[in-house]
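# Observations on chain architecture
Chain residues, written in single-letter form:
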Amino acid sequence: MQFFLASFLLLPFLLVCLVESLLKLFIPKKRKSVGEIVLITGAGHGIGRQTAYEFAKLKCKLVLWDINKHGLEETATECRRLGAKAHTFVVDCSNREDIYSSAKKTTKAFLPEMMKNNHGHIVTVASAAGHIGVPFLLAYCSSKFAAVGFHKALTEELSALERTGVKTTCLCPNFINTGFIKNPSTSLGPTLEPEEVVNKLIDGILTEQEMIFVPSSLNFLSLMEKVLPERFKAILKRKIDIRFDAVIGYKMKGK
């Protein structure tokens, strides 16, 4: 009972926060400077590669990780052409010893050092599938739900420790044209190109957004997932009409 009473007393503050959020929609957000060291995993292809290119244009010092040495060197060459300093390390991010070994060559530590200095920015690349389950993508959705959960828990932990100088961002796009999922389509719009997603990501990092949905309409769907009745959600998901070629060889349709 005390909790509900305390929540009721917070209603005036809620109204202030709502007005503040509404005003922010019409006020351009200040973009921060990022002339620092940027470590990018998966830099040899896809989103990682395009992200490296955009940070190279900002003249950041890049530390590029990927398990694919050839793709990694291609990315580094282009980054250097764009005027950035780029250092490459062949790293298997599924191997803890490989990560720590490479970390010692680049920085002494990541999060602990950021927390000590109360400065830094951690970006988690997840997916819209980290918020809404998709049939026949069980393993993929599970990993992306875990990524979103990691981002949220980390954000709360940094807040509890009053490390407000360490920022967090989570990227949650719709299907991207990287070849990972064959022939994807939804009624939400065309399959996204990596460049479009990365442009949204860079803007979100520079304006310190915590959660980035691409397209932005996914914000609304994520909210509806939490509040709509189950029967209505089932109909809505059929209208979204998620399709892709499954590994078993025939066209799957989201139900």
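Provided above is the structure to which this section pertains.
Below: a short report on this structure.

Each value, and the rule that gives it
- Every chain's residues receive numbers from 1 upward, in the order its sequence appears when written.
- Per-residue local features are limited, in this predicted model, to residues with pLDDT of at least 70; the limit for side-chain atom pairs, both in listing and counting, is 80 or more; totals at the level of whole chains, interfaces and linings are taken over all residues.
- In computing side-chain properties, one takes all heavy atoms of the structure into account and sets aside hydrogens as well as water.
- Secondary structure follows DSSP: runs of H or I at least 4 residues long count as helices, runs of E at least 2 residues long count as strands, and numbering of each begins at the N terminus.
- Only protein chains enter the accessibility calculation, which uses a 1.4 Å probe; a residue is then buried when its area is under 20% of its type maximum, exposed when over 50%, and partly exposed in between.
- Only four residue types enter the charge count, namely Lys and Arg as positive and Asp and Glu as negative; His and the chain termini do not.
- Think of a salt bridge as a Lys or Arg side-chain nitrogen and an Asp or Glu carboxyl oxygen that are within 4 Å of each other.
- Whenever a nitrogen or oxygen atom comes within 3.5 Å of another N or O atom, the pair is scored as a polar contact, on the condition that within protein one atom can donate a hydrogen and the other can accept it, and that pairs from neighbouring residues in sequence are kept only if both atoms are in side chains.
- Contact between two residues is taken to exist if any of their heavy atoms lie within 4.5 Å; hydrogens are not considered.
- At least two DSSP bridges between two strands are needed for those strands to be called paired.
- Note on definitions: angles span 0 to 180 degrees between N-to-C directions of axes, and those axes are lines fitted to C-alpha atoms, for helices only across the stretch in contact.
- Within this scheme, the nonpolar core is defined by two criteria: the residues are buried Ala, Val, Leu, Ile, Met, Phe, Trp, Tyr or Cys, and they are joined through side-chain atoms within 4.5 Å.

Turning to the side chain of Asp 66, a few remarks are in order. Tracing the backbone through its elements, the reader meets Asp 66 in strand 2 (residues 61–66). Buried and unpaired, Asp 66 has Arg 49 as its nearest opposite-charge partner, separated by 7.9 Å. Within the local environment of Asp 66, its side chain forms a polar contact with the backbone nitrogen of Asn 68, the two atoms lying 2.8 Å apart. Residues contacting Asp 66, with those up to four places away along its chain left out, are Gly 42, Ala 43, Gly 44, His 45, Leu 72, Phe 89, Val 90 and Val 91.

What follows covers the sheet that holds strand 1 (residues 37–41). Taking strand neighbours across the sheet as the criterion, the three strands line up as 1-2-3 in an open arrangement whose pairing is parallel. The strands lining the two open edges of the sheet, one partner per strand, are strand 1 and strand 3 (85–90). For this sheet, the mean inter-axis angle between neighbouring strands, taken without regard to orientation, is 20°. Relative to strand 2, strand 1 is paired through five bridges, and the arrangement is parallel. Looking across to strand 2, one finds that Val 38 is bridged to Leu 62. Along the sheet, helix 3 (residues 46–57) contacts strand 1 and strand 2; its crossing angle with strand 1, the most-contacted strand, is approximately 165°. The sheet strands contacting helix 4 (residues 69–81) are strand 2 and strand 3, and the helix crosses strand 3 at an angle near 175°.

With that settled, consider the pattern of salt bridges. A side chain of one charge can pair with a side chain of the opposite charge if their charged atoms are brought near each other. Per the stated rule, a full pass over the model turns up nine salt bridges. Of the charged contacts in the structure, one is a salt bridge between Lys 32 and Glu 208, with a shortest N-O distance of 3.6 Å. Placement of the pair is Lys 32 in the loop between helix 2 (11–24) and strand 1 and Glu 208 in the loop between helix 8 (194–206) and strand 7 (211–214), with a sequence separation of 176 residues. What makes Lys 32 partly exposed here is its relative accessible area of 25%. Among the residues examined, Glu 208 registers a relative accessible area of 36% and is labelled partly exposed. In this structure, the salt-bridge partner of Lys 167 is Glu 208, at a minimum N-O distance of 4.0 Å. Within this pair, whereas Lys 167 is found in strand 5 (residues 166–173), its partner Glu 208 is found in the loop between helix 8 and strand 7, the two being separated by 41 residues in sequence.

What follows deals with unusual backbone geometry. With an omega dihedral of 0°, the bond running from Val 214 to Pro 215 counts as a cis peptide bond. Within the fold, Pro 215 resides in the loop between strand 7 and helix 9 (218–227). Residue Glu 208 is not a glycine yet carries a positive backbone phi of 60°. A positive phi angle, close to 55°, is found at Asp 241, a residue other than glycine. Position of Asp 241 among the secondary structure elements: in the loop between helix 10 (230–240) and strand 8 (243–245). Looking at Asp 241, the relative accessible area reads 23%, which means it is partly exposed.

Formed by 29 residues in total, the largest nonpolar core has its most connected members in Ile 40, Phe 55, Leu 62, Leu 64, Cys 79 and Val 197. Contributing elements (two or more residues each) for this core: strand 1, helix 3, strand 2, helix 4, helix 8 and strand 7. Among the elements that make up this core, the one with the highest residue count is helix 8 (six residues). Filtering out sequence-adjacent residues up to four positions away, Val 197 remains in contact with Ile 47, Leu 171, Pro 173, Ile 176, Leu 192 and Val 214. Cys 170, Leu 218, Leu 221 and Ile 240 belong to the second-largest nonpolar core, a separate cluster that totals 19 residues.

Moving on, we come to the sheet that holds strand 7. An order of 4-5-7 is seen for the three strands of this open sheet, with the pairing classed as parallel. Of all the strands in the sheet, just strand 4 (120–125) and strand 7 have a single pairing partner and so form its edges. In this sheet, neighbouring strand axes are inclined to one another by 20° on average, regardless of whether the strands run parallel or antiparallel. By the bridge criterion, four bridges tie strand 5 to strand 7 in an arrangement that is parallel. What sits directly across from Leu 171, in strand 7, is Ile 212. The strands touched by helix 7 (residues 138–160) are strand 4, strand 5 and strand 7; relative to strand 5, the strand with the most contacts, the crossing angle is about 160°.

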